[in-house]
Amino acid sequence: MPEVNVEINGRKYRMACEDGQEPHLIGLADRFNRSIDNLKNAFGEIGDNRLTVMAGIAALDELEEAEKRIDALQKEVAELTHTAQHIAQDAQELESRFAKKLSETARKVEAIATAIDETGQTPA
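Report on the accompanying structure. What you are looking at is a predicted structure, and each value in this text was computed from that prediction instead of being measured. (Residues numbered from 1 in each chain as written. Predicted model: local features only at pLDDT ≥ 70, side-chain atom pairs only at ≥ 80, totals over all residues. Heavy atoms only, no water.)

### Some thoughts on the overall build of the protein
- What the protein contains, in helices and strands, is two helices and two strands.
- When the helices and strands of the protein are listed from N to C terminus, the series reads β-β-α-α.
- Compactness check: the protein gives a C-alpha radius of gyration of 36 Å against a globular reference of 14 Å for 124 residues, more than 25% above the reference.
- The buried share of the protein, reckoned over its 124 residues, is 10%.
- For the protein, the distance from the average site of its 15 positive side-chain charges to the average site of its 24 negative ones is 4 Å. (Helix = DSSP H or I, 4+ residues; strand = E, 2+ residues; numbered from the N terminus. Rg over C-alpha atoms; globule rule 2.2 N^0.38 Å. Buried < 20%, exposed > 50% of the residue type's maximum accessible area, 1.4 Å probe, protein only. Lys, Arg positive; Asp, Glu negative; His and termini not counted. Charge placed at Lys NZ, Arg CZ, Asp CG, Glu CD.)

Below, the structure written as structure tokens:
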């Protein structure tokens, strides 16, 4: 299992990860470290443990907000899918009614054409 070295709040940590995930883990550590740096800039030196806990809670808060947004989007997709199914069903019914009316009209036109042909014939 590969290992990578990351730096969080000035301290180096060796971490194991799955093969091929090294760049991802390094990126996550960099992002977490930036979060800690931002907290340091906002609150000053308040202790390593407290900064780490605050950064972890902030990350979980972002995750929770993202999960809420995903849930809302999934509900919206479900509603749109349901609406689209109704529209498709309505369109199919409309197409069926149109085809029936078109067929009836064609029969009437054919009957009229036949009547015209019959009246237009000259007796021999």
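### What to know about the pairing of strand β2 (residues 11-16)
- Two strands pair when backbone bridges link them, and strand β1 (residues 3-8) and β2 are joined in this way by six bridges, in the antiparallel orientation. Note that in β2 the partner of V6 across the bridge is Y13.
- In sequence, β1 turns back onto β2 through a hairpin of two residues, with N9 there showing a positive phi of about 50 degrees. (Pairing = 2+ DSSP bridges.)

### Considering unusual backbone geometry
- In this structure, N9 takes a positive phi of about 50 degrees despite not being glycine.
- Given a relative accessible area of 12%, N9 falls into the buried group.

### A few points about the packing of helix α1 (residues 22-43) against helix α2 (residues 48-120)
- The N-to-C vectors of α1 and α2 enclose an angle of 115 degrees; their axes lie 9 Å apart at closest approach. Our pair here, α1 against α2, has a crossing hand that is right-handed. For the pair formed by α1 and α2, the contact residues are R31, F32, S35, I36, L39, K40 and F43 on the first element and L51, T52, M54, A55, G56 and E62 on the second.
- For the contact of α1 with α2, the class distribution of residues is seven nonpolar, three polar and three charged. (Axes fitted to C-alpha atoms, helices over the stretch in contact; angles between N-to-C directions. Left-handed = near helix turned anticlockwise from the far one by under 90°. Contact = heavy atoms within 4.5 Å. Nonpolar A, V, L, I, M, F, W, Y, C, P; charged D, E, K, R; others polar.)

### Examining the pattern of salt bridges
- Summed over all chains, the structure comprises six salt bridges.
- The salt bridge involving R11 is made with D48; its shortest N-O contact spans 3.3 Å. Here R11, found in strand β2, pairs with D48, found in helix α2; they are 37 residues apart in sequence, far enough to count as distant.
- You can call D48 partly exposed: its relative accessible area is 29%.
- Here R31 and E62 are joined by a salt bridge, their closest N and O atoms 3.3 Å apart. (Salt bridge = Lys/Arg side-chain N within 4 Å of Asp/Glu carboxyl O.)

### Examining the nonpolar core
- The biggest cluster of nonpolar side chains holds 10 residues, and these are V4, V6, I8, C17, L25, A29, I36, L39, L51 and A55.
- Elements with a minimum of two residues in this core: β1, α1 and α2.
- No other element matches the four residues that α1 contributes to this core.
- Among residues more than four places away in sequence, those in contact with C17 are M1, P2, E22 and L25. (Core = buried A, V, L, I, M, F, W, Y, C linked by side-chain atoms within 4.5 Å.)

### Details of the side chain of N9
- In this fold, N9 is placed in the loop between β1 and β2.
- Within the structure, the side chain of N9 is placed 2.7 Å from the side chain of K40, a separation counted as a polar contact. (Polar contact = N/O pair within 3.5 Å; in protein donor to acceptor, adjacent residues only side chain to side chain.)

### As for α1
- The end-to-end C-alpha distance of α1 is 31 Å, a good match for the 32 Å that 22 residues give at a rise of 1.5 Å each.
- Those residues of α1 that are buried lie in contact with β1, β2 and α2. (Expected span 1.5 Å × (residues − 1).)

In short, shape yes, function no, at least from these values alone.
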